[in-house]
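Results of the structural survey
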Amino acid sequence: MEIFKPHSCRFCQQLVLKFIPIEMQPQSVVTYKQAFLRHFEIAAIFDITRGDVKTAAEKGCRFCSAFLLEVSPKYTARHYELLGTDRDDWVLALGPEGASSKSFYFIDIKTLEARAPLGESEDSDTIWNYYIRSLNVIADLVTSAVDMENTAKYGIRKPINLQPSSQETFALGREWLSMCRAHEDCPKQVPKMMPTRVIKVSKEDNNIHLRLQQSESMKLEPYVALSYCWGGEQTLKTTRATLCERLAQIDYLSLPKSLQDAALVTEKLGITFLWIDSLCIVQDDAEDVANEISRMPSVYGEATVTILASRAASAQEGFLQDRAFPRIFEKWNEWEEIYEIPFEGDDGKRSTVKLVPSLSHYGGGERAPIRTRAWTLQEEMLSPRILEYGAIQTRWLCEETKKFDPHTASCYEDGWRAENQVTEYNLHRSSSGKGIFRQQDFQITKPGVSLLGSSKVRPDNHYNDWIKILDAYLKRGISVITDRLPAISAIAQRYGDLLQDEYLSGLWRSQLPVDLLWSVPMHDALVVRSVDYQGPSWSWAAVKSGVATMVTNNNLEIVIKLVACNVEPLFPTVFDHEGIYGAVKSGELVVTGPLRRATLSRQRLQSGFYRYGLSTPANGKGSKYVLKASAAPDALDDGFVDCSTHTMSVSLLLVLHQLWSREGDGPDNPHRIPYGLMLKKLERNKYSRIGKFALLGKFSKRRKGRRLTLPWKRERLNQEDWIIGAEMETIAIV
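Residues numbered from 1 in each chain as written. Predicted model: local features only at pLDDT ≥ 70, side-chain atom pairs only at ≥ 80, totals over all residues. Heavy atoms only, no water.

**Regarding the overall build of the protein**
- A count of helical and extended segments in the protein gives 19 helices and 29 strands.
- Residues counted as buried form 54% of the 734 residues belonging to the protein.
- Pairs at least 24 residues apart make up 73% of the contacts formed inside the protein by residues separated by at least 6 positions.
- Split by element, the accessible area of the protein, about 33300 Å² in all, is 49% carbon and sulfur. (Helix = DSSP H or I, 4+ residues; strand = E, 2+ residues; numbered from the N terminus. Buried < 20%, exposed > 50% of the residue type's maximum accessible area, 1.4 Å probe, protein only. Contact = heavy atoms within 4.5 Å. Areas by Shrake-Rupley, 256 points an atom, 1.4 Å probe, with all protein chains shown as cover.)

**Quick notes on the nonpolar core**
- By size, the foremost hydrophobic cluster in this structure holds 77 residues, and its most contacted members are Trp466, Tyr473, Trp540 and Leu652.
- The next biggest cluster of nonpolar side chains, apart from the first, holds 55 residues, and it includes Met194, Ile199, Phe273 and Ile281. (Core = buried A, V, L, I, M, F, W, Y, C linked by side-chain atoms within 4.5 Å.)

**Here's the deal with the packing of aromatic side chains**
- The full count for this structure, using the stated rule, is 12 aromatic pairs.
- Centre to centre, the rings of phenylalanine 46 and phenylalanine 104 are 6.2 Å apart; their planes meet at 25 degrees, and the pair counts as stacked. Note that phenylalanine 46 is positioned in strand β1 (residues 44–49) and phenylalanine 104 in strand β4 (residues 101–107), a separation of 58 residues in sequence. Taken as a pair, phenylalanine 46 and phenylalanine 104 share a single burial class, namely buried.
- Ring centres of phenylalanine 63 and phenylalanine 104 lie 5.9 Å apart, and the angle between their planes is 85 degrees; this geometry places the pair in the edge-to-face category. Here phenylalanine 63, found in helix α3 (residues 62–69), pairs with phenylalanine 104, found in strand β4; they are 41 residues apart in sequence, far enough to count as distant. (Phe/Tyr/Trp six-rings, centres within 6.5 Å; stacked < 30°, edge-to-face > 60°.)

**Thoughts on the sheet that holds strand β14 (residues 394–397)**
- Overall, mixed pairing links the seven strands, which are arranged β7-β6-β9-β8-β10-β13-β14 in an open sheet. A strand with exactly one partner marks an edge of an open sheet, and here the two such strands are β7 (207–214) and β14. Mean inter-strand twist for the sheet, computed between neighbouring axes without regard to direction, equals 25 degrees.
- Here strand β6 (residues 197–204) runs beside β7; their pairing, made up of eight bridges, is antiparallel. The partner of serine 202 across the bridge, within β7, is histidine 209.
- Across the sheet, helix α9 (residues 257–268) is in contact with β6, β7, β8 (223–227), β9 (273–275), β10 (305–308) and β13 (386–389); its angle to β6 comes to roughly 70 degrees. (Pairing = 2+ DSSP bridges. Axes fitted to C-alpha atoms, helices over the stretch in contact; angles between N-to-C directions.)

**Details of the packing of helix α13 (residues 375–382) against helix α16 (residues 489–499)**
- Look at α13 against α16: their axes get within 8 Å of each other, and the N-to-C directions meet at 50 degrees. One element, α13, and the other, α16, form an angle in the oblique class. In this structure, α13 contributes Leu377, Gln378, Met381 and Leu382 to the contact, and α16 contributes Ser489, Ala490, Ile491 and Arg494.
- Partitioned by chemical class, the residues of the contact of α13 with α16 number five nonpolar, two polar and one charged. (Parallel < 35°, antiparallel > 145°, perpendicular 65-115°, else oblique. Nonpolar A, V, L, I, M, F, W, Y, C, P; charged D, E, K, R; others polar.)

**What to know about the confidence of the model for the protein**
- Residues with a pLDDT of 70 or more make up 74% of the protein, whose mean pLDDT is 79.
- This stretch, residues 71–80, has a pLDDT under 50; its non-local contacts, to residues over four places away or in other chains, come to 25 contacts.
- Every residue in residues 428–459 is under pLDDT 50, and counting partners more than four places away or in other chains gives 80 contacts. (pLDDT = per-residue confidence, 0-100.)

**Some remarks on the packing of helix α7 (residues 167–181) against α9**
- Where α7 contacts α9, the axes come no closer than 9 Å and their chain directions differ by 65 degrees. As α7 packs across α9, the resulting crossing turns out to be right-handed. For the pair α7 and α9, the contacting residues are Gln167, Phe170 and Arg174 in the first and Leu264, Val265 and Lys268 in the second.
- Here the residues of the contact of α7 with α9 are counted per class, giving three nonpolar, one polar and two charged. (Left-handed = near helix turned anticlockwise from the far one by under 90°.)

**Digging into α9**
- For α9, spanning 12 residues, the distance from its first C-alpha to its last is 16 Å, which sits close to the expected 16 Å at 1.5 Å a residue.
- In terms of residue burial, α9 counts as a mostly covered element, since nine of its 12 residues are buried.
- For α9, every residue scored as buried is listed here: Ser258, Leu259, Gln260, Asp261, Ala262, Ala263, Val265, Thr266 and Lys268.
- With its phi angle positive at about 80 degrees, glycine 270 sits one or two positions after the end of α9. (Expected span 1.5 Å × (residues − 1).)

**Some details on the side chain of serine 537**
- Within the secondary structure, serine 537 is located in the loop between α17 (512–515) and β17 (556–558).
- Note on serine 537: relative accessible area 9%, which makes it buried.
- Engagement of the side chain of serine 537 in a polar contact is seen with the backbone nitrogen of arginine 689, the distance being 2.8 Å.
- Leaving out residues up to four positions away in the same chain, serine 537 has contacts with Trp518, Ala542, Ser688, Arg689, Ile733 and Val734. (Polar contact = N/O pair within 3.5 Å; in protein donor to acceptor, adjacent residues only side chain to side chain.)

The following block contains the structure:
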């Protein structure tokens, strides 16, 4: 299906789209019609009735037929009555559907106009009785490039640029770069450092020539960095055996398509040097890999521009191939055509707009492949300028475009302007509204206020920003599970410098009590722990699954005391940070806190998942207390790998209380929710983490054998007193 071959019959040409201004009058004199238009944000009312639409559909107008396929009521029971009655005098209107799309309505305009002004004592919800929404035509409005001046202010989109490799698109890239260099908040052209190796890009006899070059003897030059999805093991990469060959020449035609495209874009931008990880890092030299990973903040931060190949799921796909209009309809039993109707602006000028199925509503807003991969998060966030090649548009991202001004941002896209486009590029905007990775905003702050030894805390704003970034990172996939720490090390390094805090295998020393309380989401199926060492058990890096971090607030009461925390980096001599942000060889956390023995049990549900619970150890008579608790294991540990095993002995370490004020609680007697770690004993005073727990009620029930005791014989256990009254022990968690 071609986007430029829409249906537009004689009747469609009578549907003139003209946006209407809504007069904002004082509430006391607002009419029902004005209240309706304002409430539903009606953008246009057509001079066409439902009866006209039915007649046109009978005469073959496919656009009108789409309206009548499914007209759905909403909100009130009265709408169901309206469906069974003749409402052919209702008129067609255009209104919003979500953040950016449009939907069509039939509205009872005559009744709305006849109603008296809406008084303050009247229920404004009654206006819902006068419309029926058509769910079958939810569209995005698109205009031609030549009509953009007449339609841009109405939020009508540019057409999709089907040829990202055209000379016009390359010229746009050069123009955007030139404009960006003049932006006050964007960095200037010459970098402050060069990567260890870069690829020199030249063109002779209309052919692109490439060779790897060591930068140590070079003067500082502008360079381009590439962020892309590997999509598996790379067939062509630099190794110790091929390094000399790469320094002499790199065969352009032998490169994967995305790398060829990156070299072409670099040449078209007028820049000589290009950095690509698979070619500029010696991939079979572990020390070189670790060293270059530690330099990532500078590699991407100093790049003149980063090419973001977001549309390509692998290096073999490329990102400059022609775009086809997305076939998003195959999974929806909805309309599958594009329609064209006239448009009239405020100045009376006529043009046309096309109605295409909404990409966001019908599934076209899915995440780009590159934003599902862990490594590319820090590459995108660290880059001061990005030239993104997406599935439906090419666009420029920089400090200027992050200001969310739609008129400004539309100047930096080759088509398909989408309102409120937010990517991980904006995640590093701190709570103050500024990006911490901008050179001029990067200032060392005072060390983070420690939670240890503090009864009530207020976390630093930058720490909250880190949590948001970490949450986004942990939702992404990673091929080599031992890369969990290295793949976010560049961002961690920036935050370490910013916070002046010690980074401990993914956690911050000053925030350890809260950082320790990460958990695997309960809706995720647990997996067996990796046999390869990823990190200490108390770090989120130790598990394969997605991880949810604990949401902090001001009302925390810290219980544990940190005695020592020692982490041994895998590459301690890397760069200037002693390898603390990369992979680790070992880690030991020594703490003092209340420790109780308990039993972790699981019950298989019909869904195939397991429900986990905690109880006190049974006494000699088989009696125990079933705790009102939330138990969240990290993985299928040895005790539960065998499906026939449903209980295991654990130790509960109380970490902190979350304080809540309930009705009847005095200010000095808040409700406390104990949170802590579930541990497995390895040897005397040495444990490993296996999960997180929370005690959710004040009292637990006593169970005798397999049955609860009778109510008049039931004894209750005060869970808060039970856990806080445990003996204080000093233990090591590895």
